[in-house]
Every structure is written in structure tokens, then in C-alpha cells.
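Listed here are the chains, written in short residue letters.
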Amino acid sequence: MKFASDFIRRFGRVRKEHGFAGMFYHFFRNRVPLYKSLIYCTNVISESRKVQGLNIIRYSAISELSSQEIEPFVCHGGSGALKTLEKISADGAELWLGHLNDQVAGICSSKYGQRNSDYFVPINENAATILSSFVFPEHRGRGIYPAMIRKVSNTRRSEGARDVYTDWKAGD
């Protein structure tokens with residue numbers, strides 16, 4: 001609810017300052033998103049929700065993935081998806097693949113033990129970050145995303161991370 005009131009207040013302020021037509025110019029010129037990025041931090045180990053048949057495997061580099069594991073990303077997102085995975089892996093993030101009944105259902109990537117600036121808050125070496133997550137459309141609605149986030153978060157906490165950060169986008 002706070003997001004809606006903030007957006008309405010911001011919308012009204014910009015309309016008052018720039019006029020109705022100028023408001024759209026202001027939003028597009030300044031590339032103001034119509035969503036708000038929220039940062040979530042946990043410092044407790046929570047109980048993972050069990051998803052029947054879900055097996056989450058950790059990979060330290062994209063080179064460890066088999067061609068059968070890479071294929072769904074290429075089919076879903078083309079060569080751009082593969083380049084994104086390569087970039088994430090090259091930046092030092094580990095990949096976590098969720099396998100559901102021998103099919104890749106989703107992916108998370110995370111970093112730990114590195115000072116990084118992936119978010120707008122200072123993150124030190126004692127913190128871990130979950131950088132990006134994705135569940136394929138045919139596997140959505142089964143609780144895979146929260147189960148993967150909890151697994152990565154709990155693993156990082158058990159490895160010594162004091163805090164685990166992730167973000168999500170709240171859209172229209």
C-alpha cells in the first residue's frame with residue numbers, strides 16, 4: 001500500500017511541476033521506472049518449503065553445466081540468455097539450478113565473500129547476495145521460487161554469511 005501512495009504522491013508532484021504533457025516527458029527523459037525495486041535482507045535461517053521432486057544443485061561456473069541444462073535457457077531466451085549466464089558466472093557468482101523431475105525448473109545466482117555494489121546499500125564481505133532468479137513459466141505456481149531462495153539463503157548463512165540480500169521488483 002505504501003508503494004501506491006508513494007507513486008500517487010510522486011505522480012501528482014511531477015504533474016504539478018511539469019504539466020500533464022511535461023510529466024510524460026519527465027518520466028521518459030529521466031527513465032523513471034513505473035516499478036519500485038525493493039531490497040530484502042535476512043539474517044536468520046528459515047525452514048525451507050518442501051517441493052516434491054525439487055533438487056537444487058550448486059555450480060561454481062557455467063562450464064560445469066551440461067548441454068541438457070543449458071538448452072532450456074537457450075530455447076526460452078535465445079543466445080542472449082546464454083550470454084547473461086556467462087556474464088553472471090564471469091562476475092564470480094555461483095549458479096543454483098532447480099531440477100524438478102529431471103527438468104531444469106529455475107535458476108538463482110549468488111555471491112558471497114566479496115564486497116560488491118549490486119544494490120544501493122553497502123554490502124561487505126560478511127554478506128551474501130542473491131543476484132537474479134528465474135523460474136520457467138511451465139513450472140510456476142508450485143513454490144519453486146521461494147524454495148530456491150530459501151535454500152540459497154540458508155546455505156549462505158550456514159557458510160558464515162551474516163546477512164543475505166536479494167531484491168525484487170514490484171510492478172503494475
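Worth saying up front: this structure is predicted, and the values here are computed from it rather than measured.

Basis of the calculations
- Within each chain, residue numbers correspond to sequence positions counted from 1 in written order.
- Whole-chain, interface and lining totals are the exception, using all residues; otherwise, since this is a predicted model, local features are given only for residues with pLDDT of at least 70 and side-chain atom pairs are given and counted only at 80 or more.
- For the side-chain quantities, the full set of heavy atoms in the structure was used; hydrogens and water were omitted.
- Only Phe, Tyr and Trp rings take part, Trp by its six-membered ring, and two of them pair if their centres are within 6.5 Å. Stacked means planes under 30 degrees apart, edge-to-face means over 60, and tilted covers everything else.
- Helix and strand assignments follow DSSP, with helices taken as H or I runs no shorter than four residues and strands as E runs no shorter than two, numbered in order from the N terminus.
- Think of it in three bands: residues with accessible area under 20% of the maximum for their type are buried, residues over 50% are exposed, and the middle band is partly exposed, with areas taken using a 1.4 Å probe on protein chains only.
- Criterion for a salt bridge: a side-chain nitrogen of Lys or Arg within 4 Å of a carboxyl oxygen of Asp or Glu.

1. Some remarks on the packing of aromatic side chains
The relative placement of two aromatic rings is captured by the distance of their centres and the angle of their planes.
And then number 1: In total, this model carries 2 aromatic pairs according to the counting rule given.
And then number 2: An angle of 50° between the planes, with centres 5.1 Å apart, marks the rings of Phe73 and Phe136 as tilted. Placement of Phe73 in helix α2 (residues 67–90) and of Phe136 in the loop between β5 (127–135) and α3 (144–158) is noted, with a sequence separation of 63 residues between them. Note on accessibility: Phe73 and Phe136 belong to one class, buried.
And then number 3: Between Phe134 and Phe136 the ring centres are 5.2 Å apart and the planes differ by 90°, which places this aromatic pair in the edge-to-face class.
And then number 4: An aromatic cluster is defined as three or more aromatic residues linked by ring pairs; in this entry it consists of Phe73, Phe134 and Phe136.

2. Some points on the pattern of salt bridges
And then number 1: Under the definition given, this model contains 6 salt bridges.
And then number 2: Two residues, Glu159 and Arg58, come together in a salt bridge whose shortest N-O distance is 2.6 Å. Placement of the pair is Glu159 in the loop between α3 and β6 (163–170) and Arg58 in strand β2 (residues 54–59), with a sequence separation of 101 residues.
And then number 3: Between Glu159 and Arg156 there is a salt bridge whose closest N-O contact spans 3.1 Å.
And then number 4: Taking the relative accessible area as the measure of exposure, Arg156 reaches 4% and is therefore buried.
And then number 5: A network of salt bridges, in which partner residues are shared, links Arg58, Glu94, Arg156 and Glu159.

Scope: geometric values only; no functional claims are made or implied.
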